[in-house]
Amino acid sequence: MKKSSACALALSARLTVAAVAAIAAIPAFAQYTGPSHKPAIQTVASAAKSADDTHVVLVGFIIAKLRDEHYTFQDNSGKIEIEIDDKHFPSTPVSETTQVRIHGKVDKHLGKDATIDVKKVEPF
(Lines give C-alpha, C1' and ligand atoms only; values in the text may rest on other atoms or scores of the structure.)
Protein backbone atom coordinates (compact mmCIF):
# COMPACT_ATOMS: atom_id res chain seq x y z
CA MET A 1 0.00 0.00 0.00
CA LYS A 2 2.85 2.35 0.79
CA LYS A 3 4.41 1.83 -2.64
CA SER A 4 1.19 2.70 -4.53
CA SER A 5 0.66 5.80 -2.36
CA ALA A 6 4.18 6.98 -3.12
CA CYS A 7 3.64 6.40 -6.86
CA ALA A 8 0.33 8.25 -6.78
CA LEU A 9 1.94 11.16 -4.94
CA ALA A 10 4.84 11.31 -7.43
CA LEU A 11 2.43 11.20 -10.38
CA SER A 12 0.30 13.92 -8.82
CA ALA A 13 3.37 16.13 -8.33
CA ARG A 14 4.45 15.62 -11.97
CA LEU A 15 0.96 16.51 -13.22
CA THR A 16 0.91 19.64 -11.06
CA VAL A 17 4.29 20.77 -12.43
CA ALA A 18 3.14 20.05 -15.99
CA ALA A 19 -0.10 21.97 -15.47
CA VAL A 20 1.72 25.00 -14.06
CA ALA A 21 4.19 24.94 -16.95
CA ALA A 22 1.36 24.72 -19.49
CA ILE A 23 -0.51 27.63 -17.93
CA ALA A 24 2.65 29.75 -17.80
CA ALA A 25 3.20 29.18 -21.53
CA ILE A 26 -0.22 30.62 -22.49
CA PRO A 27 0.17 34.25 -23.60
CA ALA A 28 -1.78 36.85 -21.65
CA PHE A 29 -4.42 38.83 -23.52
CA ALA A 30 -5.03 41.56 -20.97
CA GLN A 31 -6.42 44.85 -22.17
CA TYR A 32 -5.58 48.19 -20.60
CA THR A 33 -8.75 50.21 -20.13
CA GLY A 34 -7.53 53.07 -17.94
CA PRO A 35 -6.57 56.63 -18.88
CA SER A 36 -3.66 57.37 -21.18
CA HIS A 37 -1.14 60.18 -21.25
CA LYS A 38 -1.88 63.42 -23.05
CA PRO A 39 -1.33 63.27 -26.81
CA ALA A 40 1.86 64.90 -28.06
CA ILE A 41 1.82 68.45 -29.42
CA GLN A 42 1.43 68.35 -33.20
CA THR A 43 2.31 71.85 -34.53
CA VAL A 44 5.22 74.27 -34.25
CA ALA A 45 2.87 77.05 -33.10
CA SER A 46 1.51 75.00 -30.22
CA ALA A 47 4.97 73.62 -29.34
CA ALA A 48 6.36 77.17 -29.05
CA LYS A 49 3.70 77.97 -26.42
CA SER A 50 4.01 74.69 -24.50
CA ALA A 51 5.68 74.08 -21.16
CA ASP A 52 9.26 72.87 -20.84
CA ASP A 53 9.69 69.11 -21.43
CA THR A 54 6.35 68.75 -23.27
CA HIS A 55 6.52 65.82 -25.70
CA VAL A 56 6.06 66.82 -29.36
CA VAL A 57 5.62 65.00 -32.65
CA LEU A 58 5.89 67.39 -35.59
CA VAL A 59 5.62 66.85 -39.34
CA GLY A 60 7.36 69.31 -41.65
CA PHE A 61 10.76 70.17 -43.08
CA ILE A 62 14.25 70.84 -41.74
CA ILE A 63 14.88 73.92 -43.86
CA ALA A 64 18.30 75.15 -42.71
CA LYS A 65 21.34 74.31 -40.61
CA LEU A 66 22.08 77.08 -38.10
CA ARG A 67 25.21 75.64 -36.47
CA ASP A 68 26.46 72.28 -35.22
CA GLU A 69 23.40 70.12 -34.37
CA HIS A 70 21.02 73.13 -34.57
CA TYR A 71 18.52 73.52 -37.41
CA THR A 72 15.37 75.41 -38.39
CA PHE A 73 12.25 73.26 -38.63
CA GLN A 74 9.11 74.46 -40.41
CA ASP A 75 5.54 73.23 -40.67
CA ASN A 76 2.35 74.98 -41.84
CA SER A 77 2.06 76.86 -38.53
CA GLY A 78 5.56 78.36 -38.31
CA LYS A 79 9.27 77.84 -37.68
CA ILE A 80 11.23 76.74 -34.62
CA GLU A 81 14.84 75.97 -33.80
CA ILE A 82 15.54 72.29 -33.21
CA GLU A 83 18.57 70.46 -31.85
CA ILE A 84 19.38 67.02 -33.25
CA ASP A 85 22.30 64.93 -32.05
CA ASP A 86 24.00 63.30 -35.03
CA LYS A 87 23.08 59.84 -33.70
CA HIS A 88 19.35 60.67 -34.07
CA PHE A 89 19.51 61.35 -37.83
CA PRO A 90 18.33 58.53 -40.10
CA SER A 91 20.81 56.73 -42.32
CA THR A 92 19.12 58.14 -45.45
CA PRO A 93 20.01 61.74 -46.40
CA VAL A 94 17.60 64.51 -45.39
CA SER A 95 17.38 67.84 -47.25
CA GLU A 96 15.12 70.90 -47.08
CA THR A 97 12.70 69.14 -49.46
CA THR A 98 12.43 65.93 -47.42
CA GLN A 99 9.29 65.83 -45.30
CA VAL A 100 10.09 64.41 -41.87
CA ARG A 101 8.38 63.51 -38.61
CA ILE A 102 10.36 64.55 -35.55
CA HIS A 103 9.86 63.32 -31.99
CA GLY A 104 11.24 65.34 -29.11
CA LYS A 105 10.63 67.62 -26.17
CA VAL A 106 10.17 71.35 -25.80
CA ASP A 107 13.23 73.02 -24.33
CA LYS A 108 12.64 76.44 -22.73
CA HIS A 109 15.37 78.78 -21.51
CA LEU A 110 14.68 81.95 -19.55
CA GLY A 111 14.31 84.91 -21.88
CA LYS A 112 14.74 82.87 -25.08
CA ASP A 113 12.38 81.31 -27.61
CA ALA A 114 11.47 77.66 -27.13
CA THR A 115 13.46 75.04 -29.03
CA ILE A 116 12.87 71.33 -29.61
CA ASP A 117 15.34 68.70 -28.40
CA VAL A 118 14.83 66.04 -31.08
CA LYS A 119 15.21 62.35 -30.21
CA LYS A 120 14.05 60.79 -33.50
CA VAL A 121 13.84 61.88 -37.15
CA GLU A 122 11.72 59.86 -39.60
CA PRO A 123 11.72 60.77 -43.32
CA PHE A 124 8.38 60.40 -45.17
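Since the structure is predicted, the reported quantities are computational estimates derived from the model, not experimental observations.

### Overview of the pairing of strand β2 (residues 70–75)
β2 sits mainly inside the fold: five of its six residues count as buried. Note: strand β1 (residues 55–67) against β2, five bridges, orientation antiparallel. From the neighbouring strand, lysine 65 faces β2, where its bridge partner is tyrosine 71. From the end of β1 to the start of β2, which pair antiparallel, there are two residues, and glutamate 69 there has a positive phi angle of about 65°. Between β2 and the antiparallel strand that follows it, strand β3 (residues 78–84), lie two residues.

### Here we look at the pairing of strand β4 (residues 99–107)
As judged from the seven bridges shared by β1 and β4, these two strands associate in the antiparallel manner. Following the sheet pairing, valine 59 is matched in β4 by arginine 101. Relative to strand β5 (residues 115–123), β4 is paired through eight bridges, and the arrangement is antiparallel. Bridge pairing in β5 places valine 106 opposite isoleucine 116.

### A short note on the packing of aromatic side chains
Pairs of aromatic rings are described using the distance from one ring centre to the other and the angle between the two planes. One pass over the full model with this rule turns up one aromatic pair. A ring pair is formed by tyrosine 71 and phenylalanine 89, whose centres lie 5.5 Å apart and whose planes are at 75°; its orientation type is edge-to-face. Taken together, the residues tyrosine 71 in strand β2 and phenylalanine 89 in the loop between β3 and β4 connect sequence positions 18 residues apart. According to the relative accessible area criterion, phenylalanine 89 is partly exposed, its value standing at 25%.

### Remarks on the nonpolar core
In this structure, Phe73, Ile82, Ile102 and Ile116 are the most contacted members of the largest nonpolar core, which totals 18 residues. Of all the elements in the fold, those that place two or more residues in this core are α2 (44–49), β1, β2, β3, β4 and β5. Discounting chain neighbours no more than four positions away, the residues touching phenylalanine 73 are Val44, Leu58, Val59, Gly60, Phe61, Ile62, Gly78, Lys79, Ile80, Ile82, Val100 and Ile102.

What counts and how
The residue numbering used here restarts from 1 in each chain and proceeds along that chain's sequence as written. Only residues with pLDDT of at least 70 are given local features in this predicted model, and only at 80 or more are side-chain atom pairs given and counted; all residues enter the totals for whole chains, interfaces and linings. In computing side-chain properties, one takes all heavy atoms of the structure into account and sets aside hydrogens as well as water. Exposed residues in this analysis have more than 50% of their type's maximum accessible area, buried residues have under 20%, and partly exposed residues fall in between, with area computed by a 1.4 Å probe over protein chains only. Going along the chain from the N terminus, every DSSP run of H or I of four or more residues is numbered as a helix, and every run of E of two or more is numbered as a strand. Strand pairing follows a simple DSSP-based rule, namely that at least 2 bridges must link the two strands. Two rings from Phe, Tyr or Trp (for Trp, the six-membered ring) form a pair when their centres are within 6.5 Å of each other. A pair whose planes differ by under 30 degrees is stacked, one over 60 is edge-to-face, and the rest are tilted. Among the buried residues, those of types Ala, Val, Leu, Ile, Met, Phe, Trp, Tyr and Cys that are joined through side-chain atoms within 4.5 Å form a nonpolar core. In this analysis, two residues are considered to be in contact whenever any of their non-hydrogen atoms come within 4.5 Å of each other.

All we've got here are geometric facts, nothing functional implied.
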